[in-house]
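Chains, contacts and geometry: an overview
Here is what each chain is made of, one letter per residue.
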Amino acid sequence: MTCGSCAARVEGALQAVDGVGASRVNLATETASVIATPAGVDPADLLAAVREAGYEAESVEVGAALELDRGRDQQLVGQRGVLAQAIGLALPVVGLQHLAPLLFAGPAGGRPWWSIVQAVICTALLCLRPGRQILGGGLRAARHRSPNMDLLVSIGVAVAFVSSLVALVAGTGTYYFEAAALIVAFITLGRYFETRARREASGAVAALARRLPQTATRLHDGQPETVPVSDIRVGDHVRVAQDTLVPVDGRVLTGSAAVDESAITGESVPRSRGPGDPVRAGGVVREGMITVEATAVGEASAVGRILRAVEDAQAGKTRMQRIADRVAGVFVPIVIALALATFIGWVVAGWIDPGQDGAGIGWALRCAVAVLVIACPCAMGLATPTAVLVATGTAAGRGILVRDAAALEAAGQVNVILLDKTGTLTAGQAQVQEVWDEPVGPITTEAGAVLEWAASAEQFSQHPLARAIVAKARESNLKLRDVGEFANEPGLGVRATIDGHEVLVGSRALLAQHEVDFSTVQARADQMSADGQTVTLLAIDGVCAGVIGLLDTPRPGASRAVDHLTRLGIEPVMITGDQAATATAVAASVGIEEVHAEMLPESKLAQVRRRQEAGQRVAFVGDGINDAPALTGADVGIAFATGTDVAVESADITLLRDDLSLVAEAIELARRSVRIMKENLFWAFFYNMVAIPLAAFGVVRPGLAAAAMMASSISVVLNSLRLREKEGQNGKTAERQENAQASAQSAGAAGGQR
Ligand code: ADP
Ligand code: MG
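Residues numbered from 1 in each chain as written. Chains lettered and ligands numbered in written order. Predicted model: local features only at pLDDT ≥ 70, side-chain atom pairs only at ≥ 80, totals over all residues. Heavy atoms only, no water.

Some points on the coordination of the magnesium ion (ligand 2)
Those protein atoms acting as donors to the magnesium ion (ligand 2) are Asp420 (OD), Thr422 (O) and Asp623 (OD), and they sit at 2.2 to 2.3 Å. Mapped onto the sequence, the residues coordinating the magnesium ion (ligand 2) show the spacing D-x1-T-x200-D. You can see threonine 422 sitting in helix α15 (residues 421–425) and its partner aspartate 623 sitting in the loop between β20 (618–622) and α23 (628–633), a full 201 residues away along the chain. Overall, the relative accessible area of 12% leaves threonine 422 in the buried class. (Donors = N, O, S within 2.8 Å, 3.2 Å for Na, K, Ca; no water. Helix = DSSP H or I, 4+ residues; strand = E, 2+ residues; numbered from the N terminus. Buried < 20%, exposed > 50% of the residue type's maximum accessible area, 1.4 Å probe, protein only.)

Next up, the structure:
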């Protein structure tokens, strides 16, 4: 694909296949993806449809970024050869055009010898790879009736070349060999730069893909053997030596090591990992050696999922780009019509006033060729996809996963942000502060019984308070009871049956909802609340049996993160299921003024809707099951990867590192991306608006037209590259990681050989 109209063309072809609900094609990554209807779709049909439309296609797996990247390397080398040919042959043509008449005496007009030499060189240029690439593309486009940039350029080159040949035979003396040669040379030059820039743009993802090593050391009956990573299955035991990449997600069986997972989470400090600890594919063992039991491999591993997510995001399109592509799709036929009109216009003008300067068929042809060449809509096709490509890659490098292009666009427009409290503003590492186990119920008279029952009921909940209670019980060496039934009551607590008893653990609202009287503990609970603790009540068989006070402190850096948001002009609002007293205390400590407490999942969503109706663009940051509706309903849902699965699935942006400052960073990056997309689109359209009339009126020669056209698309790609990490900031770290990782790779390979 060479331009936006190619992308539109392929998209249309895929859309027309039976069983395709929607299709999207990305020019920048040269990938397409479809969403199938329930009827299903045969991938072979998709490939056939693309071929039918005149393009090549193959299906790719996750991690395709890496393959594409390698492909681009080869492409680049090949393209360099083509470029050398193009320049080598175009230069003499241009030289002869301008120098020969000065240096040699020859017939004025008519058929000078150098024009014949030009014709020969030009023929060679068109028959060799530079010409074949362009004319071949044009022919294919014509055969499949899919007008695109290749077609425009091919018509331009062909018209210039053939008309000059005819003139040479007739000896009439207006030759455009120079124009034909220059167009071919500039288009080839442009392609080369574009390939290079695209390669750079996808660098971040490729770096991530390189985190999946190709081989691993598997233990077979205790004996190490080197196998391709794709052969590793869940349950296999894998040995990871010092300075090598962890090939799978898994759990450490033996050994201990410092594992650096910075490439995946952006967390730069290596963590020490011993038996029982989880490790993730893509981490590097910095010190020590571990044996790991694989729990997820390849596509299912953390880094595999990240790759898939980023690739998905890059395949998507912004609303802006969809409009631009539609324009580009109708653009080519319009340009051909305009070129024709230019030609006819000049011919007619010549008839009317033959004495006029520059009149004649030759001049008319020249202007028409310039229109064809200058008007290629390739910059339009690249305007936002390249920005999305660079932005999502950069974001992933910092531990920010953006679901799709639309999410990036929406995040750039946010002006109010609703933050959940527990697990989002607070560390999510709540601590049990006190357990009040006065013998209020018949069952919990023994010491530790309140904690034991509460923890038993909570053991299947992912809620931060639940985790804290379970952790405390484990710490106190309590044995958890078996649970019969279990249910989450989002925003309230949990319900479980244990040893035939009906157990509730959660807020006052939960107990109230189940009509459990808790007046016996009311005074104690109020006092805990006043101390800033989150009160959790335990009820067994409809009787309140104990109170647990938890202290849930704000994350380190929470107030700085909130401050950063405010500076971006975004209004921070806290929205929590917790009690007003606790909520207000936390809000005050991080600098949030507006607080909504005791919010159930639906009321969180209602808050989002209310603000959207007021015309605001809402981001919601949450971690829990109870946040899922609000995360989905908000313009942008943001969740921590450590949050509940439901929250992560509902979110548009997932933060891989447990750091609230990423929220503002994500929004800042998105804003810059949106700005760059707008600039790109503006320049792409503006360029065509100005360039076409200039070409039509003969101000711009065909050769210069080709140069201008390529400059416009290259400038768009370069502008997008500004979204990369700035050197000196994270760029340096990324570089360092790259180096470390390269040495890790080679060390790994050496280890394998041994
Ligand atoms: P936030 O909206 O601040 O994240 P949640 O909506 O998750 O808070 O929870 C609101 C309140 O519900 C908590 O303060 C707690 O009292 C109670 N709660 C929710 N889930 C649980 C649970 N699993 N165990 C104990 N209490 C819970
Ligand atoms: Mg929460």
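Additional details are given in the paragraphs that follow.
Quick notes on the sheet that holds strand β22 (residues 653–655)
With mixed pairing, seven strands are arranged side by side in an open sheet as β10-β22-β21-β20-β11-β18-β19. Looking at strand neighbours, the two that pair on one side only are β10 (400–402) and β19 (594–596), the edges of this open sheet. The average angle at which neighbouring strand axes cross in this sheet is 20 degrees, direction not considered. Relative to strand β21 (residues 636–640), β20 runs parallel, the two being bridged by four bridges. When the sheet's bridge partners are listed, glycine 622 is paired in β21 with alanine 639. (Pairing = 2+ DSSP bridges. Axes fitted to C-alpha atoms, helices over the stretch in contact; angles between N-to-C directions.)

Some remarks on the confidence of the model for the protein chain
For residues with low pLDDT, the predicted coordinates do not support detailed interpretation. Mean pLDDT over the protein chain works out to 82, with 86% of the residues at or above the 70 mark. Every residue in residues 727–754 is under pLDDT 50, and counting partners more than four places away or in other chains gives 23 contacts. (pLDDT = per-residue confidence, 0-100. Contact = heavy atoms within 4.5 Å.)

A look at the site of ligand 1
Lining the immediate environment of ligand 1, one finds 22 residues, of which Asp420, Glu458, Thr576, Lys604 and Asn626 sit closest. At 2.4 Å from an oxygen atom of ligand 1 is found a side-chain nitrogen or oxygen belonging to threonine 576. Contacts to ligand 1 include aspartate 578, whose side-chain N or O atom sits 3.1 Å from an oxygen atom. Secondary-structure elements contributing two or more residues to the shell around ligand 1 are α15, α17 (464–475), β14 (493–498) and β16 (534–540). Here the shell around ligand 1 gets three residues from one element, more than from any other, and that element is β16. (Near = heavy atom within 4 Å. Polar contact = N/O pair within 3.5 Å; in protein donor to acceptor, adjacent residues only side chain to side chain.)

Looking at the nonpolar core
Formed by 73 residues in total, the largest nonpolar core has its most connected members in Val153, Phe177, Ile183, Ile187 and Ile374. A domain-level breakdown of this core finds at least three residues from each of domain 1 (4–59) and domain 2 (64–201). The next biggest cluster of nonpolar side chains, apart from the first, holds 51 residues, and it includes Ala558, Leu662, Ala664 and Leu723. (Core = buried A, V, L, I, M, F, W, Y, C linked by side-chain atoms within 4.5 Å. Domains from an automatic or database assignment.)

Description of the sheet that holds strand β13 (residues 483–489)
Pairing within the open sheet is antiparallel, and its six strands lie in the order β12-β17-β16-β15-β14-β13. Each end of this open sheet is capped by a strand with a single partner; those strands are β12 (431–436) and β13. Across the sheet, the axes of successive neighbouring strands diverge by a mean angle of 20 degrees, strand direction being ignored. In terms of strand pairing, strand β15 (residues 501–506) meets β16 through four bridges, oriented antiparallel. In the strand pairing of β16, leucine 504 is matched with alanine 539.

Focus: helix α26 (residues 702–721)
Since one α-helical turn is 3.6 residues long, residues separated by three or four positions face the same way. For α26, built from 20 residues, the straight-helix expectation of 28 Å at 1.5 Å per residue is met to within 8% by its first-to-last C-alpha distance of 29 Å. Where burial is concerned, most of α26 is hidden: 15 out of the 20 residues are buried. (Expected span 1.5 Å × (residues − 1).)

Notes on the environment of phenylalanine 460
Along the chain, phenylalanine 460 falls in the loop between α16 (449–458) and α17. Distance in space between the C-alpha atoms of phenylalanine 460 and valine 470 is 9.6 Å, their sequence separation being ten residues. Non-local contacts of phenylalanine 460, meaning those with residues more than four positions away in its chain, are made with Val483 and Phe486.

Digging into the packing of helix α20 (residues 558–567) against helix α25 (residues 661–696)
The geometry of a pair of packed helices is captured by two quantities: the angle between their axes and the separation between those axes. Where α20 contacts α25, the axes come no closer than 8 Å and their chain directions differ by 25 degrees. Viewed along their axes, α20 and α25 adopt a mutual orientation that is roughly parallel. Two packed elements cross with a definite hand, and for α20 against α25 that hand is left-handed. Here Ala561, His564 and Leu565 of α20 come into contact with α25, specifically with Ser661, Val663, Ala664, Ile667 and Glu668. Grouping the amino acids of the contact of α20 with α25 by side-chain chemistry returns five nonpolar, two polar and one charged. (Parallel < 35°, antiparallel > 145°, perpendicular 65-115°, else oblique. Left-handed = near helix turned anticlockwise from the far one by under 90°. Nonpolar A, V, L, I, M, F, W, Y, C, P; charged D, E, K, R; others polar.)

Here we look at the side chain of glutamine 118
By secondary structure assignment, the location of glutamine 118 is in helix α4 (residues 113–127). Residues contacting glutamine 118, with those up to four places away along its chain left out, are Val93, Leu96, Gln97 and Phe177.

Overview of the packing of helix α12 (residues 361–374) against α25
For the pair α12 and α25, interaxial distance at closest approach is 8 Å and the crossing angle is 165 degrees. For the element pair α12 / α25, the angle class is roughly antiparallel. As for the relative orientation of α12 and α25, their crossing is right-handed in sense. In this structure, α12 contributes Cys367, Ala370, Val371 and Ile374 to the contact, and α25 contributes Tyr687, Asn688, Ala691, Ile692, Ala695 and Ala696. Its residues assigned to classes, the contact of α12 with α25 comprises nine nonpolar, one polar and no charged.

Points about the packing of aromatic side chains
Summed over all chains, the structure comprises eight aromatic pairs. Between phenylalanine 682 and phenylalanine 686 the ring centres are 5.4 Å apart and the planes differ by 20 degrees, which places this aromatic pair in the stacked class. Of this pair, phenylalanine 682 and phenylalanine 686 both sit in helix α25, four residues apart, which is roughly one turn of that helix. Overall, the relative accessible area of 46% leaves phenylalanine 682 in the partly exposed class. Chaining the aromatic ring pairs together yields one cluster made of Phe161, Tyr175 and Phe177. In this structure, arginine 555 packs its charged tip against the face of phenylalanine 640, placed 4.2 Å from the ring centre. (Phe/Tyr/Trp six-rings, centres within 6.5 Å; stacked < 30°, edge-to-face > 60°. Lys NZ or Arg CZ within 6 Å of the ring centre and 35° of its normal.)

Focus: the pattern of salt bridges
Any two side chains of opposite charge can pair, so long as their charged atoms come close to each other. Applying the stated criterion across every chain, the model contains 21 salt bridges. For glutamate 56, the salt bridge is made with arginine 51, and the minimal N-O distance between the two is 3.8 Å. You can call arginine 51 partly exposed: its relative accessible area is 41%. Of the charged contacts in the structure, one is a salt bridge between aspartate 627 and lysine 604, with a shortest N-O distance of 2.6 Å. Of this pair, aspartate 627 sits in the loop between β20 and α23 while lysine 604 sits in helix α22 (residues 601–613), and the two are 23 residues apart along the sequence. Residue class for aspartate 627 comes out buried when judged on its relative accessible area of 0%. The exposure class of lysine 604 is buried, given its relative accessible area of 0%. (Salt bridge = Lys/Arg side-chain N within 4 Å of Asp/Glu carboxyl O.)

Structural notes on the pairing of strand β18 (residues 571–575)
Within β18, four of the five residues are buried, which leaves it mostly tucked inside the rest of the structure. Relative to β18, strand β11 (residues 416–420) runs parallel, the two being bridged by five bridges. Bridge pairing in β18 links leucine 419 to methionine 574. Where the polypeptide runs from β18 across helix α21 (residues 580–590) and back to β19, its parallel neighbour, the crossover connection is right-handed. (Right-handed = clockwise from strand over helix to strand, strands pointing away.)

Section: a nonpolar patch on the surface
On the surface, a cluster of nonpolar side chains totalling about 870 Å² of accessible area is made up of Phe682, Trp683, Phe686, Met689, Val690, Leu694, Phe697 and Val699. With respect to the secondary-structure elements, leucine 694 resides in helix α25. For leucine 694, a relative accessible area of 36% puts it in the partly exposed group. (Patch = residues over 30% accessible without salt bridge, like charges linked within 9 Å, V, L, I, M, F, W, Y side chains within 5 Å. Areas by Shrake-Rupley, 256 points an atom, 1.4 Å probe, with all protein chains shown as cover.)

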